[in-house]
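Coordinate inspection notes
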Amino acid sequence: MGILSWIIFGLIAGAIAKALHPGKDPGGWIVTIIIGIAGAFVGGWIGTQVLGIPINGNWSFKGFAFAILGAVLLLWIYGMITRKKGT
């Protein structure tokens, strides 16, 4: 059930990250949602493994917050990679 929760977190986090992330994302909504799912996993990993913050249960506020932060982080990285040089 944990992985399914992070996927659902990622879907929601991707949509919220799209709203929070300023500017136009080069991939559109589909790529943003996929990045949101990946960001949920990254955010969960950062929270538990790197920062040592226990994320209790599958549907916790801390888990959701880290999913959103991970999605925003990956959207920012994706934007930096795909940004055209010289513009």
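Structural notes, computed from the coordinates. (Residues numbered from 1 in each chain as written. Predicted model: local features only at pLDDT ≥ 70, side-chain atom pairs only at ≥ 80, totals over all residues. Heavy atoms only, no water.)

Assigned secondary structure in the chain consists of three helices and zero strands. Contacts in the chain between residues at least 24 apart in sequence constitute 74% of all its contacts with a sequence separation of at least 6. (Helix = DSSP H or I, 4+ residues; strand = E, 2+ residues; numbered from the N terminus. Contact = heavy atoms within 4.5 Å.)

Turning to helix α3 (residues 61-82), a few remarks are in order. If you check α3, its first and last C-alpha atoms are 31 Å apart, about what 22 residues at 1.5 Å a residue would give, namely 32 Å. When we look at burial in α3, the residues that qualify are G63, F66, A67, I68, G70, A71, L75 and G79. (Expected span 1.5 Å × (residues − 1). Buried < 20%, exposed > 50% of the residue type's maximum accessible area, 1.4 Å probe, protein only.)

What follows is about the nonpolar core. Core analysis: the biggest nonpolar cluster contains nine residues, these being F9, A13, A17, I35, A40, A67, I68, A71 and L75. When residues of this core are assigned to their parent elements, the largest contribution, four residues, is made by α3. When sequence neighbours within four positions are dropped, the list of residues in contact with A13 reads A67, I68 and A71. (Core = buried A, V, L, I, M, F, W, Y, C linked by side-chain atoms within 4.5 Å.)

Now for the environment of G47. Inspection of the secondary structure assignment puts G47 in helix α2 (residues 28-50). Overall, G47 belongs to the buried group, its relative accessible area being 0%. For the pair formed by G47 and L69, sequence separation is 22 residues and the distance between their alpha carbons is 10.0 Å. Filtering out sequence-adjacent residues up to four positions away, G47 remains in contact with G52, I53 and F66.

Before going further, it helps to spend a moment on a nonpolar patch on the surface. Taken together, the side chains of I3, L4, I7, I8, L11, I12, I16, L20 and F41 present a nonpolar region at the surface, about 740 Å² in accessible area. Counting residues per element, the nonpolar patch draws most heavily on helix α1 (residues 2-20), which supplies eight residues. With respect to the secondary-structure elements, F41 resides in helix α2. Judged by its relative accessible area of 36%, F41 is partly exposed. (Patch = residues over 30% accessible without salt bridge, like charges linked within 9 Å, V, L, I, M, F, W, Y side chains within 5 Å. Areas by Shrake-Rupley, 256 points an atom, 1.4 Å probe, with all protein chains shown as cover. Salt bridge = Lys/Arg side-chain N within 4 Å of Asp/Glu carboxyl O.)

For the rest of this paragraph, the subject is α2. Buried residues of α2: T32, I35, G36, G39, A40, G43, G44 and G47, and no others. G52 lies just past α2 and shows a positive phi near 70 degrees.

Right, let's get into the environment of V72. With respect to the element layout, V72 can be found in helix α3. In the structure, V72 is positioned 53 residues away from A19 in sequence and 9.7 Å away in space, judged by C-alpha atoms.

Attention now goes to the packing of α2 against α3. With their axes 6 Å apart at the nearest point, α2 and α3 run at an angle of 120 degrees to one another. Put simply, α2 runs oblique to α3. The chirality of how α2 crosses α3 is right-handed. Each of V31, T32, I35, G36, A38, G39, A40, V42, G43, G44, I46 and G47 in α2 lies in contact with α3, whose residues at this interface are F66, A67, G70, A71, L73, L74, L75 and Y78. Class assignment of the residues belonging to the contact of α2 with α3 gives a composition of 13 nonpolar, seven polar and no charged. (Axes fitted to C-alpha atoms, helices over the stretch in contact; angles between N-to-C directions. Parallel < 35°, antiparallel > 145°, perpendicular 65-115°, else oblique. Left-handed = near helix turned anticlockwise from the far one by under 90°. Nonpolar A, V, L, I, M, F, W, Y, C, P; charged D, E, K, R; others polar.)

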